[in-house]
Amino acid sequence: MWRPERRGSGRGPPRLLLLVCVALCALGDCLFVTEYFTRTPRKLSAFKSFASVELFHFNVPDDTMIAVWNLITFKEQGGTFGDSCPNRNVTVYFRSGAPPVINPLRTRFPGDTAVPGSFAVTLTWTLPNRTTGAFNVTSPLPGDWFLAAHLPKDEGKISVKGLSEECQYLFQPQLIVQRLVGVSVLYPGYFIDQMIPARNRSALYKVFVPNYVSKVKVQLLDCSTRNKSSDACAVVLKIRARAPPVHNSSALDCREWNPCELESAVPAWEQWYYVLVERYLTNSDVYFRIGVQVTDCSKSNQSKEPAQPSSSMNMPQSFGAALGFSLADTLSAPALPGSFHNSSRASEDNAVYIAPAVDTNKCWPIRPTLRNELDTFSVHFYVFFGPNISIPPDRAAVFAINLMPVLDSGGVLNMELKLNVSALRGANVTVFGCLNHGVPLFIPENATLRCESESMAGFFLSVNTSTNITKLRIPYPQTGTWYLSLRSLCATTHGFEVCTNITTEIYMRAYLTPCINDCGMYGQCKLLRTNNYLYAACECKAGWEGWGCTDNSAAYSYSFQLLSTLLLCLSNLMFVPPVAIAVRSHYLLEASVYIFTMFFSTFYHACDQPGIVVFCIMEYDVLQFCDFLGSLMSVWVTVIAMARLKSIIKQVLYLLGAMSLSMALQLDRHGLWNLLGPSLFALGIMAVAWTVRTIRRRRCYPPTWKRWAFFLFPGTMIATSAVALYAFVETEENYFYIHSIWHMLIAGSVGFLLPPRAKPDSKVTPLKRRRGCGYQLCVNEHEELGLVDPAIISINSICTS
């Protein structure tokens, strides 16, 4: 039904929920709740850029054991089931914390860009008009989850709206979560007696880890079975941050260790840690004592030292929890029950308290940054006493950048570092930086320079005397606190060592932008919205591709852009012959419409080009409206002129046509009936006028076969060919020359179809006009004299100006 690329399950929802119930019952007494979320179906589009992707936002609650996304895709055509629509694969991407950064076309990303990973699922059709898939995640991370769905890239055919019923592919995701209720909470430093009944498989706990903790250690003591102690404890200890442990989480087999202690180095700050005690298959109750110890690194020796005048990094700085208290102070004995004041170890009932340990070598002072919001996704982070910062030789400089939940995940996080080489006095200094999410990762001395640990990964930056500038871009960053740790080391023959008496100066710039480099010269940064969530994406043009419109593998060259622009603009000169024919035949109104069309079509296409060969004399929307109006009016006045109506009737129809077409273009400029409606109505008027003349004269109108053979038939064929090219042949690749041919064919058909000048009536002898006011008054001379008998006196008309 669907094929996962990285992770997922193919079981249907009923069977999957049954397995969920069994797994949850193994965790305790089956205390869980089921919650259901759904989103409105949306129409999917072929992938061109992330701007054409449909994005869905979900929120996974805390303590969720399993999340199942039910993916429903169905087809529609003209409001009915699209049984005749072809099957097309639907690709769905999943990511926690921020929208997925996808690249289905395998284009190149801009330089210095970090691409986070995501899950992907491909859905294929199994029923005539509907398919359903499922994607399950065991113990998902709580918080924001984003789904992005799209169709494969199409051939780029330009279809006329309303010509045929378009096949629509709709996608609707649904989320079913089951979470535990009443998970036991552990307090750091406390040991409590616990047991796993024979009917249960495991026991789950959670503990909150605050800021400035360098190590979390879970201890399992006094393990026994049926109140009998044993050398080997038949349980497995697992730990994981933010969500319950899974199969690949940090684990320790307690049968091989006594006491059983599981450590987590570099833990995430201000997060819940989940501890799972899972016993092996035995029929006995398991008794044990469990506790969590944390190592406080906020009270280091370095933090107690006064600030040096040469370093401004200590002012201001942050340590410990709120109000400046350290972890040892916030978790002191009087703060929790079952303890005694001023005691490092005390017990009451089944609880034992041990004060947190202090680590003097892990943490450094952390400098906050000032957040300055300029616009949507336009945020600058300023360092106090910056932007030039000093890095002491004996320690790291750490900075905290806080991204607001949901609001900042739709942009791009930019980081720039520049080394002041002139202040190094010739020393070979290299500044290494680690940008991590959730917890700072400190670069030690004489160690492997990597920004990752067993449980987390970061982004590595470095500047030196030869390369003194580095940049890093993270599209769609996860929200929360990001930490930048900078450490200066000197290169020697034995590797990197601590510099002596050299304070390095760095220029740091951190900011948030909607798109990478504003999508460059060949792209447009668009601000998109899905429900209440805002995000930005680039829409490329002129053949450029990529996340930041920097991939020029299929880009149009400058000569091709110039040729296409000239072709589209100069092809409108084909309206010059119809204008000359109209003026020669005294069709001045028609000639003015053709001139209007030629002018605005030329400058509209000069402004509509995707590349850099662009020239706009006014706003794009005005040029587009005038171009569409001129094209439709050219068809309208040509057909009405072919009807050969009376002058007053023709002028009224011209005016009504202009007003009606203006209204129709304001409603929908790309609709099929905006072109066919006026054309068919005008053809109907022409057909009625020609039929009336045929009946009155009792012969076919127009009367000469030459008019049919050399004018009407060629003009009709040329116009029909132009409409066929416009409706069925035009694509994004051949648009430049097919649309130019459309211009020439339409203008050529007007030259053939425009009727000749009307001949004067042979019975009326034209009189010489006198110079005057431009009108003639015809008076019957005999009527003025009172002579009314036409048999006696002949009647002569005298026309005077």
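Every value quoted in this text rests on a predicted model; they were computed, and no experiment measured them.

A. Layout of the UniProt feature "transmembrane region" (unreviewed entry) in the chain. If you check UniProt for "transmembrane region" (unreviewed entry), the listed places come out as residues 673-696, 708-729 and 735-754 in our numbering. With 100% helix and 0% strand, residues 673-696 has its two end C-alpha atoms placed 34 Å apart. Across residues 735-754, helical content stands at 95% and strand content at 0%; the span's end C-alpha atoms are separated by 28 Å.

B. Spotlight on the sheet that holds strand 12 (residues 184-186). In spatial order, the strands read 12-14-20-17-18; together these 5 strands make up an open sheet with mixed pairing. Every other strand in the sheet has two partners, leaving strand 12 and strand 18 (250-253) as the edge strands with one partner each. Ignoring strand direction, the axes of neighbouring strands in this sheet form an average angle of 25°. In the sheet, strand 12 pairs with strand 14 (residues 202-209) via 3 bridges, with the strands oriented parallel. Bridged to L186 within strand 14 is V207.

C. Highlighting the confidence of the model for the chain. Confidence along the chain averages 80 in pLDDT terms, with 80% of residues attaining 70 or more. Looking across the chain, the model is least confident in helix 12 (residues 781-785), with a mean pLDDT of 39, and most confident in helix 6 (residues 588-607), with 95. Within the model, pLDDT remains below 50 along residues 301-349, and this stretch shows 97 contacts once partners closer than five positions in the same chain are excluded.

D. Spatial organisation of the side chain of D253. Structurally, the position occupied by D253 is in strand 18. By relative accessible area, D253 is classed as buried at 18%. Polar contacts involving the side chain of D253 include one to the side chain of Y280, which spans 2.8 Å. Excluding residues that lie within four positions of it along the chain, D253 makes contacts with V235, V236 and Y280.

E. Molecular detail of the packing of aromatic side chains. Per the stated rule, a full pass over the model turns up 36 aromatic pairs. Here the aromatic rings of F432 and F460 are separated by 5.9 Å at their centres, their planes lie at 35°, and the arrangement is tilted. In this pair, F432 sits in strand 30 (residues 429-437) while F460 sits in strand 31 (residues 459-464), placing the two residues 28 residues apart along the sequence. Joined through ring pairs, the aromatic side chains of F50, F109, F146, Y476, Y533, Y535 and W547 make up one cluster. Positioned over the ring face of W272 is K206, at 4.6 Å from the centre of the ring. Its guanidinium or amino end placed over the ring of Y701, R693 lies 5.3 Å from that ring's centre, counting from NZ or CZ.

F. Structural context of the packing of helix 10 (residues 705-729) against helix 11 (residues 735-753). It is at 8 Å that the axes of helix 10 and helix 11 come closest, and there the two elements cross at 155°. It follows from the interaxial angle that helix 10 and helix 11 lie roughly antiparallel. Two packed elements cross with a definite hand, and for helix 10 against helix 11 that hand is left-handed. The residue makeup of the contact of helix 10 with helix 11, split by class, is 18 nonpolar, 5 polar and 1 charged.

What counts as what
Residues numbered from 1 in each chain as written. Predicted model: local features only at pLDDT ≥ 70, side-chain atom pairs only at ≥ 80, totals over all residues. Heavy atoms only, no water. UniProt positions renumbered as here; feature names shortened; annotations may be inferred. Helix = DSSP H or I, 4+ residues; strand = E, 2+ residues; numbered from the N terminus. Pairing = 2+ DSSP bridges. Axes fitted to C-alpha atoms, helices over the stretch in contact; angles between N-to-C directions. pLDDT = per-residue confidence, 0-100. Contact = heavy atoms within 4.5 Å. Buried < 20%, exposed > 50% of the residue type's maximum accessible area, 1.4 Å probe, protein only. Polar contact = N/O pair within 3.5 Å; in protein donor to acceptor, adjacent residues only side chain to side chain. Phe/Tyr/Trp six-rings, centres within 6.5 Å; stacked < 30°, edge-to-face > 60°. Lys NZ or Arg CZ within 6 Å of the ring centre and 35° of its normal. Parallel < 35°, antiparallel > 145°, perpendicular 65-115°, else oblique. Left-handed = near helix turned anticlockwise from the far one by under 90°. Nonpolar A, V, L, I, M, F, W, Y, C, P; charged D, E, K, R; others polar.

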